[in-house]
Amino acid sequence: MTQDELKKAVAKAAVDYIQPKLDNDSIVGVGTGSTANFFIDYLAEIKGSFDGAVASSEASAERLKAHGIPVYDLNSTDALVVYVDGADETNPALELIKGGGAALTREKIVAAVAEEFICIADGSKWVETLGNFPLPVEVIPMARSHVARELVKLGGDPVYRENCITDNGNVILDVHNMAITNPVEMETAINQIVGVVTNGLFACRPADVLLIGREDGVETVRA
Ligand SMILES: O=C[C@H](O)[C@H](O)[C@H](O)COP(=O)(O)O
């Protein structure tokens, strides 16, 4: 199977997984990226079974609207029954690296609100130790150099992501060469740096369920 076929398989499995949890009042949290895009497309097929969605990016909001799915502001919703999103890396504890598409901050906010966070990923995202994928850090533009120096002190090699402004008007530093043996500690330490909005580690709030696409089918992993 191609990587796209694996992504489609997990996206479809996510819709099958969440459908029994939905009713006419349900609002679904929707992530960002190529896997999330497949999820949005399958979600559109059951759009009569829920109220609408909250999106973690402008791009996902546009895709949802194009399918005729109502998109709500997070502040106007009381609860999200689920949040479904992809990842750049996942470890066996379902701690994640996210933000390859620069949507990490809104993704972390929507994930924090959701009752259940379902991560969907093709098998290439599975690792024993996080950090092979450069860790995205969203930074207030004027703090970029300061934050970069502090990230070097934590053992990483930060690289400014060219031509990338987040939906929040900020910039991204991608931190290379960090073996993240304690993801909770690292997530917390990076978020203490003044000027950091947030970083792409989802360890303090890992996924609850991982649907991972393998050659022989979709495997369900629980934390
Ligand atoms: O900022 C982007 C998100 O964190 C994505 O969920 C992540 O980059 C995975 O994207 P994809 O499904 O395209 O591999």
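Quick caveat: nothing in here was measured; it's all calculated off a predicted structure.

**Some remarks on the domain arrangement of the protein**
Structurally, the protein comprises domain 1 (3-126 + 204-222) and domain 2 (135-198). The gap between the C-alpha centroids of domain 1 and domain 2 is 24 Å. Every contact between the two is made by 15 residues of domain 1 and, on the other side, 17 residues of domain 2. Both sides of the domain 1 and domain 2 interface together cover about 1200 Å² of buried area, and 56% of this is carbon and sulfur. Connecting domain 1 to domain 2 are one salt bridge. Its salt-bridge partner being Glu187, residue Lys108 comes within 2.8 Å of it at the nearest N-O pair. Run the count over domain 1 and domain 2 and you get nine residue pairs in polar contact (both at pLDDT 80 or more). Counting residues per element, the side of domain 1 that touches domain 2 draws most heavily on helix 4 (residues 104-113), which supplies four residues. Here the side of domain 1 that touches domain 2 is composed, by residue class, of four nonpolar, six polar and five charged.

**A closer look at unusual backbone geometry**
Unlike most non-glycine residues, Leu94 shows phi in positive territory, near 65°. Note on placement: Leu94 falls in the loop between strand 4 (89-90) and strand 5 (96-97). Overall, Leu94 belongs to the buried group, its relative accessible area being 0%. In the Ramachandran plot, Asn177 falls in the positive-phi region, its phi being about 60° despite a non-glycine side chain.

**Here we look at the sheet that holds strand 13 (residues 217-222)**
Across the sheet, which stays open at both edges, the six strands sit in the order 2-1-3-6-12-13 with mixed pairing between neighbours. Bordering the open sheet on either side are strand 2 (52-55) and strand 13, each of which pairs with just one other strand. Between one strand axis and the next, the sheet turns through 25° on average, direction left out of account. Pairing of strand 12 (residues 209-214) with strand 13, which is carried by six bridges, proceeds in the antiparallel orientation.

**Details of the nonpolar core**
Judged by nonpolar contacts, the single largest core of 28 residues is most densely connected at Ile18, Val28, Phe39 and Leu43. Elements represented by at least two residues in this core include exactly helix 1 (3-18), strand 1 (27-30), helix 2 (34-43), strand 2, helix 3 (58-66), strand 3 (82-85), strand 6 (117-122) and strand 12. Of all the elements, helix 1 adds the most residues to this core, at six residues. With residues up to four places along the chain from it excluded, the contact list for Ile18 reads Val28, Phe39, Leu43, Val82, Val84 and Ile118. Counting 19 residues, the second-largest nonpolar core is a separate cluster that includes Ala143, Leu151, Leu173 and Ile180.

**Here we look at the layout of surface pockets**
For the largest pocket, the calculated volume is near 180 Å³. Around the largest pocket sit 17 residues that line it, and Thr32, Gly33, Ser34, Ala87 and Asp88 are the ones nearest its centre. By residue number, the principal contributor to the lining of the largest pocket is helix 2, which donates three residues. Across the lining of the largest pocket, the residue classes tally to four nonpolar, eight polar and five charged. Quantified by volume, the second largest pocket comes out at close to 160 Å³. As for the second largest pocket, its lining consists of Val54, Ala55, Val71, Tyr72, Asp73, Leu74, Asn75, Arg106, Ile109 and Val110. With three residues, helix 4 is the largest single contributor of residues to the lining of the second largest pocket. Within the lining of the second largest pocket, the residues separate by chemical class into seven nonpolar, one polar and two charged.

**Here we look at empty space enclosed by the protein**
Counted under the stated rule, the structure contains one cavity of 30 Å³ or more. The calculated volume of the largest cavity comes to roughly 40 Å³. In terms of lining residues, the largest cavity is bounded by Ser56, Ala102, Ala103, Leu104, Thr105, Arg106, Glu138, Thr166, Asp167 and Asn168. It is helix 4 that contributes the most residues to the lining of the largest cavity, three residues altogether. Residues belonging to the lining of the largest cavity are distributed by class as follows: three nonpolar, four polar and three charged. Looking at the lining of the largest cavity, you find at least three residues from each of domain 1 (3-126 + 204-222) and domain 2 (135-198).

So, how was this worked out
Per chain, residues are indexed from 1 in the order of the written sequence. Two thresholds apply to this predicted model, a pLDDT of at least 70 for residue-level local features and 80 or more for giving and counting side-chain atom pairs, whereas whole-chain, interface and lining totals are computed over all residues. Where side-chain values are given, they derive from all heavy atoms of the structure, hydrogens and water being excluded. Segmentation of the chain into domains, including their bounds, is taken from an automatic or database domain assignment. In this description, contact between two residues means that some pair of their heavy atoms is separated by no more than 4.5 Å. Buried area is a sum: the accessible area each of two parts loses on coming together, probed at 1.4 Å, counted once for each and added. Salt bridges are defined by distance alone: a side-chain nitrogen of Lys or Arg within 4 Å of a carboxyl oxygen of Asp or Glu. Nitrogen and oxygen atoms within 3.5 Å of one another constitute a polar contact, given that in protein one can donate a hydrogen and the other can accept it, and given that sequence-neighbouring residues count only through two side-chain atoms. Secondary structure is summarised from DSSP: a helix means a run of H or I of at least four residues, a strand means a run of E of at least two, and numbering begins at the N terminus for each. Residue classes follow a fixed rule: Ala, Val, Leu, Ile, Met, Phe, Trp, Tyr, Cys and Pro count as nonpolar, while Asp, Glu, Lys and Arg count as charged, and any other residue, Gly among them, counts as polar. Type-normalised accessible area, obtained with a 1.4 Å probe on protein chains alone, sets the label of each residue: buried when under 20%, exposed when over 50%, and partly exposed for intermediate values. Pairing between two strands requires that DSSP report at least two bridges joining them. Note on definitions: angles span 0 to 180 degrees between N-to-C directions of axes, and those axes are lines fitted to C-alpha atoms, for helices only across the stretch in contact. In this text, buried Ala, Val, Leu, Ile, Met, Phe, Trp, Tyr and Cys residues form a nonpolar core when linked through side-chain atoms within 4.5 Å. The way it works is a 1 Å grid over only the protein atoms, where trapped points that fit a 1.4 Å probe form a cavity and open points with protein on both sides within 12 Å along at least five of seven lines form a pocket, and then any residue with an atom within 4 Å of a point lines it. Grid points are joined across faces, edges and corners, and a volume is the space filled by probe spheres set on the points.

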